[in-house]
Amino acid sequence: MDYKKIIANKIKENLEVTVDLEVIENSIEIPPKSDMGDYAFPCFILSKTLRKAPNKIAEELSPKIDKEGFERVENLGPYLNFFVDKEVFSENTLEKIQNEKDEYGASRAGEGKNITIDFSSPNIAKPFHVGHLFSTAIGNSLYKILSFEGYNCIGINHLGDWGTQFGKLISAYKRWCDKDTLTKEPIKELLRIYVKFHAEAEKDPTLEDEGRMYFKKLEDGEEEEVALWKKFRELSLKEFDIVYKLLNVKFDAYTGESFYNDKMDAVVEEIEKKGILTSSNGAKVVMLEDYNMPPCIIRKSDGATIYATRDLAAAEYRKKTYDFYKSIYVVGSDQKLHFKQLFKTLELMGHDWAKDCKHVSFGMVRFADRKLSTRKGEVIFLDEVLSEAMEKTLEIINVKNPELKNKEEVSKVVGVGSIVFAYLKNNREKDIVFDWKEMLSFEGETGPYVQYTYARGKSILRKLGVSQGKIDYSKLNTTEDFELIKLLEGFQGSIFSAIDKLEPSILTRHIIEIAKAFNKFYNSNRISTEADEKVKNARLKLTEATTQVIKNGLKLLGIGVVEEM
């Protein structure tokens, strides 16, 4: 039962004027306290149309509403408050979860619509560090959430695999590379020589010219330089793949910056034909001062294109190739201006689909005691962080449950999950301060806490068995029972809200609330000592439903579950 739709229809049929059903439905709220009802309709939105005070509208509508499916309907100030029939509500919700299982919360809302998601996008020949996980975790979760609701998602890894840094790296490789170390630890060796190049270039600035010279050779397709570039790329992808497998992340396309090299001239020509390309200090730019933005540089004064040109070419390629309904870019907040310029330039080029391009920005990853810099070699490798998370989780398990089977596998799922969960827990615009103690805690709003709640539910079901036969839903009559059921029913709503705002933390917060509510329910109602078999059976049913929804929710965040902890 879609209660918001039912309520909207009940309100609409009692209005003397025509009001759009969708407007009514979208205005219905969930009150902050249960004693204010399960759903509330603010009558403010009808005030202008009906030319009455919202309090008066609520007072007049309250006695007219058909109460079927509801215990009561009350007016409180300008609000019309609906109290659902708890037994009917519980039965509808829990039976739906049982019937749909892994598909509970899914829909076909996005059927026939393609969405490209540009995420992760590390630079090749550089370490995959903790900062890259922000884009990777958000993009992976959006990919899973949108796919769950029927959209056809195309995950794109727009690798940073072009630019003058590769000329510098070739120079560094020829001068200082240890071939044996490169074979064993390719990214660490490439990072070492990259850092050395910048340190040496400060003493000898001619090295910068050498780097530019090698990049020019690479651009010109010189055999040796191209072979080295391909080697760096292949070694990097191999290393990245280890991390992606650990995170359960996959991509449909690895089309990095280099992929668009032969597509940029056509874009520049198109912009010129549209009459929006202007010369400025020798560079070719699109002027955006009318939109309170600096110019978008298309060609530098030396004739070279930059990443804005590549992004324009990439946008056109993605539209032509995938005919996207939406094109999402999961890139840090520091690139907000770049994407505003990019989307405005696409619009000025006459592409009405520019409005379908969305920048999903996010904050920084910080450590309380240090700053990170690739040039100085001050980075924290993500694979090392994930390994440490698994090791620390194993230490906790060895103390708390040393007899646990499959300890290594459990520590992997929980350790990796704890890190990903920490990145998706709060609004994506907020910075993350890396804190091991908080991330790995089994208490509070953490991944291990939610995973432990799932495992606790499964443990109850192993010990007491699953529910049997017909359930008497009237037995789920405590506040703790109903608050938990309401959260389970609201699961799909949280998914739709996460899609609407392109914000996975909305779903993460909802799963946290479900875990909290389940633990409150469990602590208030000891199922194992319950004498009334009908009550016990109903609560086992609620436990089954809760574990199913937690599992579904964590899966959409890219996080696994474990049956025992």
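See the structure above.
Just so it is clear, the structure is predicted and the values come from calculations on it, not from any experiment.

A.B. asks: Kindly report on the overall build of the chain, identifying the contributing residues and their values.
C.D. replies: Per the secondary structure count, the chain includes 22 helices and twelve strands. Seen through its principal axes, the chain has C-alpha atoms that stretch 80 × 65 × 40 Å. A total of 565 residues make up the chain; the buried ones form 52% of that total. Considering only contacts within the chain whose residues lie at least 6 apart along the sequence, 72% involve residues at least 24 apart. Of the roughly 26700 Å² of accessible surface on the chain, 47% is carried by carbon and sulfur atoms. Side-chain charges in the chain split into 85 positive and 92 negative, and the spacing between the mean points of these groups amounts to 1 Å.

A.B. asks: I'd like to hear about the state of the cysteines, residue by residue, with values.
C.D. replies: Tallied over the full model, the rule gives zero disulfides. You can see Cys 296 has no disulfide; the closest cysteine sulfur is in Cys 357, sitting 13 Å from it. Note on Cys 296: relative accessible area 4%, which makes it buried. Relative accessible area serves as the criterion here: at 5%, Cys 357 is assigned to the buried category.

A.B. asks: Give a detailed account of the packing of helix H21 (residues 505-524) against helix H22 (residues 533-556), specifying residues and quantitative values.
C.D. replies: Contact pair H21 / H22: the axes reach a minimum separation of 10 Å and the direction vectors enclose 155°. Looking at the two axes, H21 sits roughly antiparallel to H22. The element H21 and its partner H22 pack so that their crossing is left-handed. On H22, the residues touching Leu 507, Ile 511, Ile 514, Phe 518 and Phe 521 of H21 are Arg 539, Leu 542, Thr 543, Thr 546, Val 549, Ile 550, Gly 553, Leu 554 and Leu 556. Residues that form the contact of H21 with H22 fall into these classes: ten nonpolar, three polar and one charged.

A.B. asks: Requested: an account of the packing of aromatic side chains, with residues and values cited.
C.D. replies: Tallying each qualifying case throughout the model produces 27 aromatic pairs. Taking 4.7 Å as the distance between ring centres and 35° as the angle between the ring planes, the aromatic pair formed by Phe 119 and Phe 251 counts as tilted. On the criterion of sequence distance, the pair formed by Phe 119 in the loop between strand S4 (114-118) and helix H6 (132-148) and Phe 251 in the loop between helix H11 (223-247) and helix H12 (264-273) is long-range, its members being 132 residues apart. The residues Phe 119 and Phe 251 share a single accessibility class, namely buried. Ring centres 5.5 Å apart and planes at 65° place the aromatic pair Phe 251 and Tyr 254 in the edge-to-face group. Here Phe 251 falls in the buried class, since its relative accessible area comes to 11%. With relative accessibility at 34%, the residue Tyr 254 sits in the partly exposed group. Members of the aromatic cluster, each reached through a chain of ring pairs, are Tyr 3, Tyr 39, Phe 70, Phe 82, Phe 89 and Phe 482.

A.B. asks: Go over the sheet that holds strand S8 (residues 296-299) with me, naming the residues and quoting the values.
C.D. replies: Spatial strand order, S6-S7-S8: three strands in an open sheet with antiparallel pairing. Edge positions in the open sheet fall to strand S6 (277-280) and S8, since each of these has one partner strand only. This sheet shows a mean twist of 45° between the axes of neighbouring strands, independent of strand direction. Direction of pairing for S6 relative to strand S7 (residues 283-286): antiparallel, over a ladder of four bridges. Within S7, the residue paired with Leu 277 across the bridge is Val 286.

A.B. asks: Could you give me a rundown of the nonpolar core, with the residues and numbers involved?
C.D. replies: Membership of the largest hydrophobic core comes to 131 residues, with the highest contact counts inside it found for Ile 11, Ile 117 and Tyr 423. Those residues in contact with Tyr 423 that lie beyond four places of it in its chain are Val 130, Leu 133, Phe 134, Ala 137, Val 365, Ile 432 and Phe 434. Grouped together as the second largest cluster of nonpolar side chains are 28 residues, Leu 288, Ala 308, Ala 314 and Tyr 329 included.

A.B. asks: So, the environment of Ser 361: which residues are in play, and what are the values?
C.D. replies: As for its position among the elements, Ser 361 is in the loop between strand S10 (357-360) and strand S11 (365-366). Here the alpha-carbon distance between Ser 361 and Ile 559, two residues 198 residues apart in the chain, equals 22 Å. If sequence neighbours within four positions are ignored, Ser 361 has contacts with Val 331, Gly 332, Ser 333, Lys 336, Arg 428 and Glu 429. Within the structure, the side chain of Ser 361 is placed 2.4 Å from the side chain of Glu 429, a separation counted as a polar contact.

A.B. asks: Outline the environment of Val 243, listing residues and values.
C.D. replies: By secondary structure assignment, the location of Val 243 is in helix H11. Taking the relative accessible area as the measure of exposure, Val 243 reaches 5% and is therefore buried. It is 44 Å that separates the C-alpha atoms of Val 243 and Lys 536, two residues lying 293 residues apart in sequence.

A.B. asks: Account for the pairing of strand S5 (residues 152-156), with residues named and values stated.
C.D. replies: Counting buried positions over the five residues of S5 gives four, a clear majority of the element. In this sheet, S5 lies alongside S4 in parallel orientation, the contact comprising five bridges. Within the sheet, the bridge partner assigned to Ile 115 lies in S5 and is Cys 153. One crossover worth recording links S4 to the parallel S5 by way of H6, and it is right-handed.

A.B. asks: Residue-level account of the sheet that holds S10, with values.
C.D. replies: Read from one edge to the other, the open sheet built from four strands follows the order S5-S4-S9-S10, with strand pairing classed as parallel. Of all the strands in the sheet, just S5 and S10 have a single pairing partner and so form its edges. The average angle at which neighbouring strand axes cross in this sheet is 20°, direction not considered. Its contacts with the sheet place helix H14 (residues 336-348) against strand S9 (326-330) and S10, and it is angled at close to 180° to S10.

A.B. asks: Describe the side chain of Thr 93, and please don't skip the residues or the numbers.
C.D. replies: Counting through the fold element by element, Thr 93 comes out in helix H5 (residues 86-100). Judged by relative accessible area, Thr 93 falls into the buried class, the value being 4%. Once residues lying within four places of it in the same chain are set aside, the contact partners of Thr 93 are Tyr 104, Ile 485, Leu 488 and Glu 489.

A.B. asks: Before we move on, can you summarise the pattern of salt bridges with the specific residues and values?
C.D. replies: Within the structure shown, the criterion is met by 47 salt bridges. As a salt-bridge pair, Glu 224 and Lys 174 come within 2.6 Å of each other at their nearest N and O atoms. In this pair, Glu 224 is assigned in helix H11 and Lys 174 in helix H7 (residues 165-176), connecting sequence segments 50 residues apart. Relative accessible area serves as the criterion here: at 47%, Glu 224 is assigned to the partly exposed category. Each of Lys 336, Arg 428, Glu 429 and Glu 503 takes part in one network of salt bridges that share partners.

A.B. asks: Tell me about unusual backbone geometry, residues and numbers included.
C.D. replies: One non-glycine residue, Ser 121, adopts positive backbone phi at about 45°. The residue Ser 121 is located in the loop between S4 and H6 in this model. Take Ser 121: its relative accessible area is 21%, and that puts it in the partly exposed class.

What counts, and where the lines are drawn
- Residues numbered from 1 in each chain as written.
- Predicted model: local features only at pLDDT ≥ 70, side-chain atom pairs only at ≥ 80, totals over all residues.
- Heavy atoms only, no water.
- Helix = DSSP H or I, 4+ residues; strand = E, 2+ residues; numbered from the N terminus.
- Buried < 20%, exposed > 50% of the residue type's maximum accessible area, 1.4 Å probe, protein only.
- Contact = heavy atoms within 4.5 Å.
- Areas by Shrake-Rupley, 256 points an atom, 1.4 Å probe, with all protein chains shown as cover.
- Lys, Arg positive; Asp, Glu negative; His and termini not counted.
- Charge placed at Lys NZ, Arg CZ, Asp CG, Glu CD.
- Disulfide = S-S within 2.5 Å.
- Axes fitted to C-alpha atoms, helices over the stretch in contact; angles between N-to-C directions.
- Parallel < 35°, antiparallel > 145°, perpendicular 65-115°, else oblique.
- Left-handed = near helix turned anticlockwise from the far one by under 90°.
- Nonpolar A, V, L, I, M, F, W, Y, C, P; charged D, E, K, R; others polar.
- Phe/Tyr/Trp six-rings, centres within 6.5 Å; stacked < 30°, edge-to-face > 60°.
- Pairing = 2+ DSSP bridges.
- Core = buried A, V, L, I, M, F, W, Y, C linked by side-chain atoms within 4.5 Å.
- Polar contact = N/O pair within 3.5 Å; in protein donor to acceptor, adjacent residues only side chain to side chain.
- Right-handed = clockwise from strand over helix to strand, strands pointing away.
- Salt bridge = Lys/Arg side-chain N within 4 Å of Asp/Glu carboxyl O.

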